[in-house]
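Notes for the structure review
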Amino acid sequence: MKIKIIVSLLICLACFYYTWNLQTQIKEYRKIIETQEPISYTIIETRKTSRPSDKSTNKGHSLTINYKNKKYTINISSNQYRKLSTGNQIPLYNFSSKNKIISLFDIQGRNRASGFMFSISLIVLIYGAYLIMKLFK
């Protein structure tokens, strides 16, 4: 019983840490988007993918771009792809400290993941509290 309590609280702690880490990334990304102008880039290739973020099961697209003579591959949503197919460019931003190109799709995905991890951590925390109450009965 004590092992179950310890394991559930460790899982809860890990989920809360992951949620906090995602929220920190979201704040960094938002700061970059608010302070920078979108970059100008050249599209090299777009591909349809079954897993745009390598973790999600949603269908999406992978976009390979040329920015400052370097190739970057980013994942974009179907809505962003539709915008590209009509001739418009989607706003992309340079995250220079991590040598990465980001879009609004990155923030949306991290928001969803953060909400999911927070709900999992709450469920595990409630289960841990239940086990503690059961132990003291």
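Per chain, residue numbering runs from 1 following the sequence as it is written. Where local features are concerned, this predicted model is filtered to residues with pLDDT of at least 70; where side-chain atom pairs are given and counted, the filter is 80 or more; whole-chain, interface and lining totals use all residues. As a rule here, side-chain values come from all non-hydrogen atoms in the structure, and water together with hydrogens is ignored.

This brings us to the packing of aromatic side chains. Any two rings among Phe, Tyr and Trp, with Trp reduced to its six-membered ring, count as a pair given centres within 6.5 Å; such a pair is stacked if its planes are under 30 degrees apart, edge-to-face if over 60, and tilted if neither. In the structure shown here, the tally under the stated rule is 4 aromatic pairs. Note on Y29 and F95: the rings are 5.3 Å apart at their centroids and 85 degrees apart in plane angle, and the pair reads as edge-to-face. Of this pair, Y29 sits in helix α1 (residues 2–35) while F95 sits in strand β4 (residues 93–95), placing them 66 residues apart in sequence. One exposure class covers both Y29 and F95, and it is buried. Ring geometry for Y67 against Y72: centres 6.4 Å apart, planes inclined by 50 degrees, an arrangement best described as tilted. For the pair shown, Y67 and Y72 are each scored as buried. Secondary structure elements are taken from DSSP: a helix is a run of H or I of four residues or more, a strand is a run of E of two residues or more, and numbering for both begins at the N terminus. Note on classification: 1.4 Å probe, protein chains only; a residue is buried when its accessible area is under 20% of the maximum for its type, exposed when over 50%, partly exposed between these limits.

Turning our eyes to something else, we now look at the pairing of strand β2 (residues 60–67). Taken across its 8 residues, β2 has 7 buried, putting it largely inside the fold. Strands qualify as paired when DSSP identifies two bridges or more between them. Note that strand β1 (residues 42–49) and β2 share 7 bridges and pair antiparallel. Note on β2: the bridge partner recorded for I43 is I65. Bridge count between β2 and strand β3 (residues 70–76): 7 bridges; the pairing is antiparallel. Each residue of the ladder has a partner; that of Y67, found in β3, is K70.

Now for the pattern of salt bridges. As a working rule, side chains carrying opposite charge can pair if their charged atoms are close by. By salt bridge we mean one thing: a side-chain nitrogen of Lys or Arg within 4 Å of a carboxyl oxygen of Asp or Glu. On inspection of all chains with the given rule, the structure shows 1 salt bridge. With its nearest N and O atoms 3.5 Å apart, the salt bridge here joins E45 to R47.

As a further point, take the nonpolar core. Remark: nonpolar core denotes a set of buried residues (Ala, Val, Leu, Ile, Met, Phe, Trp, Tyr, Cys) joined through side-chain atoms within 4.5 Å. Within the largest apolar cluster, 12 residues are counted, these being I39, Y41, L63, I65, Y67, Y72, I74, I76, L84, I90, L92 and I101. Elements with a minimum of two residues in this core: β2 and β3. The contact definition used throughout considers only heavy atoms, calling two residues in contact when any of these lie within 4.5 Å. Excluding residues that lie within four positions of it along the chain, L63 makes contacts with I43, E45, T46, Y72, T73, I74, I76, L84, I90 and L92. Core analysis: the next-biggest nonpolar cluster, separate from the first, contains 8 residues, Y29, I32, Y93 and I107 among them.

Fitted lines through C-alpha atoms serve as axes, helices being fitted only where they are in contact, and the angles separating the N-to-C directions of these axes extend from 0 to 180 degrees. It is at 8 Å that the axes of α1 and helix α3 (residues 104–136) come closest, and there the two elements cross at 160 degrees. As the angle between them shows, α1 and α3 are arranged roughly antiparallel. Along this stretch, α1 crosses α3, giving a crossing that reads as left-handed. Side-chain classes follow a simple rule in which Ala, Val, Leu, Ile, Met, Phe, Trp, Tyr, Cys and Pro form the nonpolar group, Asp, Glu, Lys and Arg form the charged group, and the remainder, Gly included, forms the polar group. Its residues assigned to classes, the contact of α1 with α3 comprises 24 nonpolar, 8 polar and 5 charged. By the definition adopted for this analysis, an angle is roughly parallel if under 35 degrees, roughly antiparallel if over 145, roughly perpendicular if from 65 to 115, and oblique otherwise. By the definition used in this description, the sense in which the near helix is turned from the far one sets the handedness, with an anticlockwise turn below a right angle giving left-handed and a clockwise turn giving right-handed.

Positionally, S114 belongs in helix α3. Its relative accessible area of 4% is what places S114 among the buried residues. What S114 contacts, discounting residues up to four positions off in sequence, is T19, L22 and Q23.

The next subject is unusual backbone geometry. Located in the positive-phi region is K68, a residue other than glycine, with phi close to 50 degrees. Looking at the secondary structure, you find K68 in the loop between β2 and β3. Judged by its relative accessible area of 65%, K68 falls in the exposed class. Positive phi values are uncommon outside glycine, yet N69 reaches one of about 60 degrees. By secondary structure assignment, the location of N69 is in the loop between β2 and β3. In this structure N69 comes out as exposed when scored by relative accessible area, which is 74%.

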